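Topology and contacts: notes
Letter by letter, the chains look like this.
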Amino acid sequence: QVQLVESGGGLVQPGGSLRLSCAASGSGFSIAVMGWYRQAPGKQREVVAAVTSSGTTTYDDSVKGRFTISRDNAKNTVDLQMNSLKPEDTAVYYCNAHIVPYGLGTAYRYWGQGTQVTVSS
């Protein structure tokens, strides 16, 4: 059973920083891609950043230069360092992982429970 557990959300003032962490528990699988999505009230869930097992990263244009995604393959963890936060970054942030069970060629998407990030003065 794969579980993604997130931590690190909270309330921060504009211009401040937060660090989100996500750990995948379980065994018998590899993780192709890990990433972070967010969903603001009344809006669709959108990708924020993602990182492959080889370390290739992608970012949404709205967070480039402010957010940094990093991954530890040995620990099956992914972090999102968020700097220069803006009120429009307020959302529930979700960890996402593309899990590939050993012996299978198919990836399955798993989601964390979400963590609230609020940027407000």
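The structure this text deals with has already been given above.
Okay, so let's go over this structure. None of these values were measured; they are calculated from a predicted model. (Residues numbered from 1 in each chain as written. Predicted model: local features only at pLDDT ≥ 70, side-chain atom pairs only at ≥ 80, totals over all residues. Heavy atoms only, no water.)

1. Brief notes about the nonpolar core
In terms of nonpolar packing, the biggest core is built from 29 residues, with Trp36, Val48, Phe67, Val78, Leu80, Met82 and Tyr93 touching the most fellow members. Those elements giving two or more residues to this core turn out to be strand 3 (18-25), strand 4 (29-39), strand 5 (46-52), strand 7 (67-72), strand 8 (77-82), strand 9 (91-101) and strand 11 (115-119). Element by element, the count of residues in this core is highest for strand 9, at 5 residues. Those residues in contact with leucine 80, other than ones at most four positions away along the chain, are Leu18, Arg19, Leu20, Trp36, Val48, Ala49, Phe67, Thr68, Ile69 and Tyr93. (Core = buried A, V, L, I, M, F, W, Y, C linked by side-chain atoms within 4.5 Å. Buried < 20%, exposed > 50% of the residue type's maximum accessible area, 1.4 Å probe, protein only. Helix = DSSP H or I, 4+ residues; strand = E, 2+ residues; numbered from the N terminus. Contact = heavy atoms within 4.5 Å.)

2. Quick look at the state of the cysteines
In total, this model carries 1 disulfide according to the counting rule given. Between cysteine 22 and cysteine 95 runs a disulfide, and the two sulfur atoms are separated by 2.1 Å. In this structure the cystine formed by cysteine 22 and cysteine 95 twists about its S-S bond by roughly -80°; its chirality is therefore left-handed. Of the two residues, cysteine 22 is situated in strand 3 and cysteine 95 in strand 9; the sequence distance between them amounts to 73 residues. Given a relative accessible area of 0%, cysteine 95 falls into the buried group. (Disulfide = S-S within 2.5 Å.)

3. Here's the deal with the packing of aromatic side chains
Applying the stated rule across the entire model yields 1 aromatic pair. When the ring centre of tryptophan 111 is taken as reference, the NZ or CZ atom of arginine 45 above it lies at 4.6 Å. (Phe/Tyr/Trp six-rings, centres within 6.5 Å; stacked < 30°, edge-to-face > 60°. Lys NZ or Arg CZ within 6 Å of the ring centre and 35° of its normal.)

4. Side note on the environment of tryptophan 111
Relative to the assigned elements, tryptophan 111 resides in strand 10 (residues 108-111). For tryptophan 111, a relative accessible area of 34% gives the class partly exposed. Once the C-alpha coordinates of tryptophan 111 and cysteine 95 are considered, the two residues, 16 residues apart in sequence, prove to be 5.7 Å apart. Leave out the neighbours within four places in its chain, and tryptophan 111 touches Leu4, Tyr37, Arg45, Tyr94, Cys95 and Asn96.

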